[in-house]
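Survey of secondary and tertiary structure
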Amino acid sequence: AQSVAQPEDQVNVAEGNPLTVKCTYSVSGNPYLFWYVQYPNRGLQFLLKYITGDNLVKGSYGFEAEFNKSQTSFHLKKPSALVSDSALYFCAVRDSVRYNQGGKLIFGQGTELSVKP
Amino acid sequence: DVKVTQSSRYLVKRTGEKVFLECVQDMDHENMFWYRQDPGLGLRLIYFSYDVKMKEKGDIPEGYSVSREKKERFSLILESASTNQTSMYLCASRDRGQETQYFGPGTRLLVL
């Protein structure tokens, strides 16, 4: 079965320190992977995606993610965290089995990132 | 920029009421989606539409229906609201041939 796992419900980081939000996936075929961020009482905002090419993907707000095929991971990273990065982060993978169903995304359960001053 | 709007940010309804949630996108996208978001469960797909008047069930369609009479508008209908439908509802759209989905701000529904 296709799935996405975010093993940490919450990640706490001090401002200025590097941050990592973990994501692993299980799909058949080549994965299309995404990260979205949700600020309080807001919808989801697209951060970045991996479709093909370079394993290190750069996205919005200084975030990047590393695709690792052997470990089936797509961890989100930022070299220096800001208090304003505090939000809920979702990893998602495109459903490759039901490819024609409009591009359905399978989401992880979300990771709450808290950055303290 | 893509803009996806939802008719209400917050709604309070009574059990048994018929509830309409509206979503409008301004980028002529073919595909539109309705998700519900619950703590610890992430987002789960309720229904999606790949063209006007076309719809497909997602993972949790029970208790919901949808309508897409115009390309820019996708409505989610709760025929008879129940307390277990209290949730955050998110609409998204995607252009055919592109991979990224764009989300609206969400509607937080409370069913009493």
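Placed above this text is the structure.
Rules used throughout
- Residues numbered from 1 in each chain as written.
- Chains lettered and ligands numbered in written order.
- Predicted model: local features only at pLDDT ≥ 70, side-chain atom pairs only at ≥ 80, totals over all residues.
- Heavy atoms only, no water.
- Helix = DSSP H or I, 4+ residues; strand = E, 2+ residues; numbered from the N terminus.
- Rg over C-alpha atoms; globule rule 2.2 N^0.38 Å.
- Buried < 20%, exposed > 50% of the residue type's maximum accessible area, 1.4 Å probe, protein only.
- Contact = heavy atoms within 4.5 Å.
- Buried area = accessible area lost by both parts, 1.4 Å probe.
- Salt bridge = Lys/Arg side-chain N within 4 Å of Asp/Glu carboxyl O.
- Polar contact = N/O pair within 3.5 Å; in protein donor to acceptor, adjacent residues only side chain to side chain.
- Nonpolar A, V, L, I, M, F, W, Y, C, P; charged D, E, K, R; others polar.
- Pairing = 2+ DSSP bridges.
- Axes fitted to C-alpha atoms, helices over the stretch in contact; angles between N-to-C directions.

Check the secondary structure of chain A and you find zero helices and 12 strands. Each helix and strand of chain A, placed in order from N terminus to C terminus, yields the pattern β-β-β-β-β-β-β-β-β-β-β-β. Taken against the 2.2 N^0.38 rule, which gives 13 Å for 117 residues, the C-alpha radius of gyration of chain A at 14 Å falls within 12% of a compact globule. Seen through its principal axes, chain A has C-alpha atoms that stretch 45 × 30 × 25 Å. Of all 117 residues assigned to chain A, the portion counted as buried reaches 47%. The long-range share in chain A, meaning contacts at least 24 apart out of those at least 6 apart in sequence, stands at 57%.

The next thing to look at is the interface of chain B and chain A. Between chain B and chain A, the residue contacts involve 24 residues of the former and 23 residues of the latter. Counting each side, the surface lost to burial between chain B and chain A is near 1800 Å², with a carbon and sulfur contribution of 50%. In this structure, the connection of chain B to chain A is made through two salt bridges. The salt bridge involving lysine 104 of chain A is made with aspartate 59 of chain B; its shortest N-O contact spans 2.8 Å. Linking chain B with chain A are six residue pairs in polar contact (both at pLDDT 80 or more). Contributions of two or more residues to the side of chain B that touches chain A are made by β4 (31-38), β5 (42-51) and β9 (87-94) of chain B. Across the side of chain B that touches chain A, the residue classes tally to 11 nonpolar, eight polar and five charged.

Residue and element names in this part refer to chain B. In space, the four strands of this open sheet follow the order β1-β3-β8-β7, with antiparallel pairing throughout. For this open sheet the edge positions go to β1 (4-6) and β7 (64-70), each flanked by a neighbour on one side alone. Neighbour to neighbour, the strand axes of the sheet diverge by 20 degrees on average, direction disregarded. Note: strand β3 (residues 19-25) against strand β8 (residues 73-78), six bridges, orientation antiparallel. Paired with glutamate 22 across the strands is serine 75, a residue of β8.

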